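# Descriptive structure summary
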Amino acid sequence: MNQEYGREDEGDFEPEATRRDAGDAESSRASRGWWDRNADEYQSDHGAFLGDDRFVWGPEGLDEADAELLGPAGGLKGLDVLEIGAGAAQCSRWLAAQGARPVALDLSHRQLQHALRIGADVPLVEADAGALPFRDGSFDLACSAYGAVPFVADPVKVFREVRRVLRPGGRWVFSVTHPFRWAFPDEPGPEGLSVSASYFDRTPYVEQDERGRAVYVEHHRTIGDRVRDVVAGGFRLLDLVEPEWPEWNSQEWGGWSPLRGNLIPGTAIFVCERSGTA
């Protein structure tokens, strides 16, 4: 039931797919290893769609230039922005082109090497989203396009860290696989249109090696869970965007496709604002 944005093959061994508990440390270790192993293929397969300096929120192709979920592009100049789960820093390059001062953070060393390969004067930081290496109130905005949030066992911990490094009134916008998709097989064709599991089953999806060690972990939260997590993390939810599949987009990407995208939501984007002044 893997719903991950950009899932690729593991390589020499076929991991066992199962549903079991996976805590913070195991999930973080699995994510770092998975992305280090798969970054090359991911960037090769999807780099053209993502672009070198494009800010796209998900496989539907919704551009921040059009959506303005962080605010009008003209108002980004001079703002300090943290991108979490930045990959090769494509979104951060777009932000820099608008005059913002982005910092691109990712757990994967190999993904950040691709950011260096593409090039741009954007600071790169290798760190876990649950322990951000920044002072309180360092940023005006924070964003994440399918980065970190679906793969952490404790999203509230991440949200509280994001709140800590944001200035009062700062906006936090993140996209994830739409929770509704958890109930469906991760297939782009007709077989992906029939419910096969309970939407309310929060047991993590885990791929593990022959020794039982997790090599990939994805955590499910319902829409209600996500809203409660946002509030518990110290934010107000301003908007929940569910991008429709555009006519121009004919690609299949993992379980995303025009067939499914025209019938069921694939991405959920949460637009949040830091609450409180302390």
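These figures come from a predicted structure and were not determined experimentally.

### Things to note about the environment of alanine 142
By the element assignment, alanine 142 lies in strand E5 (residues 139–145). The exposure class of alanine 142 is buried, given its relative accessible area of 0%. Between the alpha carbons of alanine 142 and arginine 171 there is a distance of 6.4 Å; along the sequence they are 29 residues apart. Those residues in contact with alanine 142 that lie beyond four places of it in its chain are Leu70, Leu82, Val162, Leu166, Arg171, Trp172 and Val173.

### With respect to the sheet that holds strand E7 (residues 205–208)
Pairing within the open sheet is antiparallel, and its three strands lie in the order E1-E7-E8. The sheet terminates laterally at strand E1 (16–19) and strand E8 (214–218), the two strands that pair on one side only. For this sheet, the mean angle separating the axes of adjacent strands, direction not counted, is 20°. Sheet analysis places E7 next to E8, joined by four bridges and oriented antiparallel. Bridging from a neighbouring strand, glutamine 208 pairs with alanine 214 of E8.

### Structural notes on empty space enclosed by the protein
Where empty space is left in the structure can be found by rolling a water-sized probe over the atoms. Per the counting criterion, the structure on display carries three cavities of 30 Å³ or more. Considered as a void within the structure, the largest cavity measures approximately 100 Å³ in volume. Around the largest cavity, the lining comprises twelve residues; the ones closest to its centre are Thr177, Pro179, Glu218, His219 and His220. Residues belonging to the lining of the largest cavity are distributed by class as follows: four nonpolar, five polar and three charged.

### What to know about the packing of aromatic side chains
Under the criterion given, the structure shown has 17 aromatic pairs. Considering the side-chain rings of phenylalanine 55 and tryptophan 94, the 6.0 Å spacing of their centres and the 85° angle between planes classify their relative orientation as edge-to-face. Note that phenylalanine 55 is positioned in the loop between helix H1 (24–50) and helix H2 (64–67) and tryptophan 94 in helix H3 (residues 90–97), a separation of 39 residues in sequence. Neither phenylalanine 55 nor tryptophan 94 differs from the other in exposure class; each is buried. Through a chain of ring-to-ring contacts, three or more aromatic side chains come together here, namely Trp34, Trp35, Tyr42, Phe49, Phe151, Tyr205, Tyr216 and Trp253. Seen from the ring of phenylalanine 49, arginine 54 lies directly overhead, with NZ or CZ sitting 4.9 Å from the centre.

### Observations concerning the packing of H1 against helix H4 (residues 109–118)
Where H1 meets H4, the closest approach of the two axes is 7 Å, and the angle between their N-to-C directions is 35°. Contacts between H1 and H4 involve Trp35, Asp36, Ala39, Asp40, Tyr42 and Gln43 from the former and His109, Arg110, Gln111, His114 and Arg117 from the latter. Of the residues that constitute the contact of H1 with H4, the class distribution is three nonpolar, four polar and four charged.

### Considerations on the nonpolar core
Counting residues in each nonpolar core, the largest one holds 27 residues, and the members touching the most others are Leu82, Ile84, Phe134, Val162, Trp172 and Phe174. At the level of elements, strand E2 (80–84), strand E3 (101–106), E5, helix H5 (155–165), strand E6 (166–177) and strand E10 (267–274) are the ones that each hand at least two residues to this core. Core analysis: the second largest hydrophobic core is formed by 18 residues, Leu69, Cys91, Ala100 and Cys143 among them.

### What to know about the sheet that holds strand E4 (residues 124–126)
In spatial order, the strands read E4-E3-E2-E5-E6-E10-E9; together these seven strands make up an open sheet with mixed pairing. Since the sheet does not close on itself, it has two edges, and those belong to E4 and strand E9 (235–241), each with one partner. The average angle at which neighbouring strand axes cross in this sheet is 20°, direction not considered. Bridge count between E5 and E6: six bridges; the pairing is parallel. Of the residues in E6, the one forming a bridge with leucine 141 is arginine 171. Sheet contacts for H3: E2, E3 and E5; angle to E3, the most-contacted strand, approximately 175°. Set on the sheet, H4 makes contact with E3 and E4; between it and E4 the angle comes to about 170°.

About the criteria used
- Residues numbered from 1 in each chain as written.
- Predicted model: local features only at pLDDT ≥ 70, side-chain atom pairs only at ≥ 80, totals over all residues.
- Heavy atoms only, no water.
- Helix = DSSP H or I, 4+ residues; strand = E, 2+ residues; numbered from the N terminus.
- Buried < 20%, exposed > 50% of the residue type's maximum accessible area, 1.4 Å probe, protein only.
- Contact = heavy atoms within 4.5 Å.
- Pairing = 2+ DSSP bridges.
- Axes fitted to C-alpha atoms, helices over the stretch in contact; angles between N-to-C directions.
- 1 Å grid on protein atoms, 1.4 Å probe; cavity = no way out; pocket = protein on both sides within 12 Å on 5 of 7 lines; lining within 4 Å.
- Points joined across faces, edges and corners; volume = space filled by probe spheres on them.
- Nonpolar A, V, L, I, M, F, W, Y, C, P; charged D, E, K, R; others polar.
- Phe/Tyr/Trp six-rings, centres within 6.5 Å; stacked < 30°, edge-to-face > 60°.
- Lys NZ or Arg CZ within 6 Å of the ring centre and 35° of its normal.
- Core = buried A, V, L, I, M, F, W, Y, C linked by side-chain atoms within 4.5 Å.

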